[in-house]
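# Close look at the chain arrangement
Spelled out, the chains give:
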Amino acid sequence: MNTTLHNRNSGNPRQGSFHVLVKPIGPVCNLECEYCFYLVKKELYPRTGSFRMASGTLEQFTRQYLAGQPAGALEVNIAWQGGEPTLMGVDFFRQAVALQKKFKPPGVSVSNSIQTNGSLLDDEWGVFLSENDFLVGISIDGPELLHDRYRSDGKGRGSFHAAMAGLEVLTKHDVRFNTLTVVQHDNGDHPIEVYDFLKAAGCRFFQFIPLVEPDGNGGVTSRSVRPEQYGRFLCQVFDHWLAQEEVGEVFIQDFDTLLAGFMGLPAPVCVHAEQCGLALALEHNGDLYSCDHYVTPGDYLGNVNREILVDMVYSAKQRAFGEAKLTALPSFCRECEFLRYCNGGCPKDRLSQTSAGEPGLNYLCPGYRQLYQHALPVIEKMAKCIRVGRPARDYEYIEKLIQDEAQAQDLRIGRNDPCPCGSGMKFKRCCGREAVV
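Residues numbered from 1 in each chain as written. Predicted model: local features only at pLDDT ≥ 70, side-chain atom pairs only at ≥ 80, totals over all residues. Heavy atoms only, no water.

Bringing the overall build of the chain into the picture now. A tally of helices and strands in the chain yields 14 helices and ten strands. At 23 Å, the chain has a C-alpha radius of gyration in line with the 22 Å of a compact globule built from 437 residues. Within the chain, the proportion of its 437 residues that are buried is 54%. For the chain, contacts bridging at least 24 residues in sequence account for 69% of all contacts bridging at least 6. (Helix = DSSP H or I, 4+ residues; strand = E, 2+ residues; numbered from the N terminus. Rg over C-alpha atoms; globule rule 2.2 N^0.38 Å. Buried < 20%, exposed > 50% of the residue type's maximum accessible area, 1.4 Å probe, protein only. Contact = heavy atoms within 4.5 Å.)

Shown next as structure tokens:
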């Protein structure tokens, strides 16, 4: 399963950085997870004998990618995915790092992230990843029975123990890592068990990726998480996260994204950005596609060995691809109170059409709404904490903290004065709802 470890922000072309998910081994993997959407991409290259990225293609991409970032960029991230990118071996990535040092502009640092199933990691990998400060995303769907339900090799053998051995390598060598958990029909009913397992394994940064797998008939497969099931999963994780007092110690991408949306900040992941199109996918041979969920002949943009990367990224075709996320929103979404948080979700999950012929709602819409209705009252308090320079974990005491701070400064706050939390609202409609001054 593939996702990103870095921000996939949208933005005005030529003003923000773009991201490319590099697939140096293409769709080749040593596992055959039942829900993987990328293995079938081999069909795009029926005459390919080897899916290994050539040195020349790696050099072309690295040079163009680093040169194409906007002026003023201080850090550029390169994300490696697959398939299983560690099949390329450590020496390939040593070459990649050397090329990054060769081509990076003055004053710019280059960071790397890699998504892996963890099964091929050993001490050589651990030393390399640690010395070069790679951020590793390791795919773990929960305890053994839940993880192995759909994550197995070609012979039906579970991958749990191999993944955990890989995680031990990362821990041993102090490699930074996140966990990526696919929330599907089976583990979707076990949110607390999954959360506690991941935390006990040493993870502090969680990504929960909902499995939405079209069945070809307008519905989804039996493996897919159901919308309300996904909503319950996130709500229960949210409550458990609060109850365990792990705000600020354990970070969950869904909640970080919701907090950013409440504070008016750009969505840290493309799924909930207003537009998409600045997170592309590069295949093993240099072919560039609009997105790793849209690696199709119709979304082919060109090849870095023949065309200029930035011209493809900012082409009219790619701009139209990104803008369609917003322009094709159904009327229900446009009028929804939660639009600023969801922005319609990923277009790949709009599986149906309305009777009027416009795109239907995102399949996950009921789950998103369930989370927002449940979590936003607390998220609002966390935002107030941050606005007054306090940690989000003070959310339970924010009204009293603001009141005490105002009194300590001998301020008199009227009901119609701006709230000192910085929300822009009147005090009586913000913190003054519970505080007495």
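Alright, that's what it looks like, and here's the rest.
Tracing the chain through its elements places proline 377 in helix H13 (residues 365–387). The spacing of proline 377 and alanine 324 is 53 residues in sequence and 32 Å in space, taken between C-alpha atoms.

This part covers the pattern of salt bridges. Applying the stated rule across the entire model yields twelve salt bridges. Across the salt bridge formed by aspartate 123 and lysine 172, the nearest N and O atoms sit 3.2 Å from each other. Of this pair, aspartate 123 sits in helix H3 (residues 123–131) while lysine 172 sits in helix H5 (residues 160–172), placing them 49 residues apart in sequence. Overall, the relative accessible area of 56% leaves lysine 172 in the exposed class. Bridged by salt links that share partners, the residues Glu34, Glu213 and Arg223 form one connected network. (Salt bridge = Lys/Arg side-chain N within 4 Å of Asp/Glu carboxyl O.)

Attention now moves to the packing of aromatic side chains. Scanning the entire structure with this criterion turns up 27 aromatic pairs. Judged by centre distance (6.0 Å) and plane angle (70°), the ring pair of phenylalanine 206 and phenylalanine 208 falls under edge-to-face. Of the two residues, phenylalanine 206 and phenylalanine 208, neither departs from the other in class, the shared state being buried. Summarising the aromatic geometry, the rings of phenylalanine 238 and tryptophan 241 are spaced 5.8 Å apart at their centres and angled 50° between planes, so their arrangement reads as tilted. Here the residue phenylalanine 238 and the residue tryptophan 241 both occupy positions in helix H7 (residues 227–243), the gap between them amounting to three residues, near one helical turn. Taken together, the ring pairs in this structure connect Trp80, Phe92, Phe93, Trp125, Phe128 and Phe134 into an aromatic cluster. Between the NZ or CZ atom of lysine 23 and the centre of the ring of tyrosine 38, over which it lies, the distance is 4.1 Å. (Phe/Tyr/Trp six-rings, centres within 6.5 Å; stacked < 30°, edge-to-face > 60°. Lys NZ or Arg CZ within 6 Å of the ring centre and 35° of its normal.)

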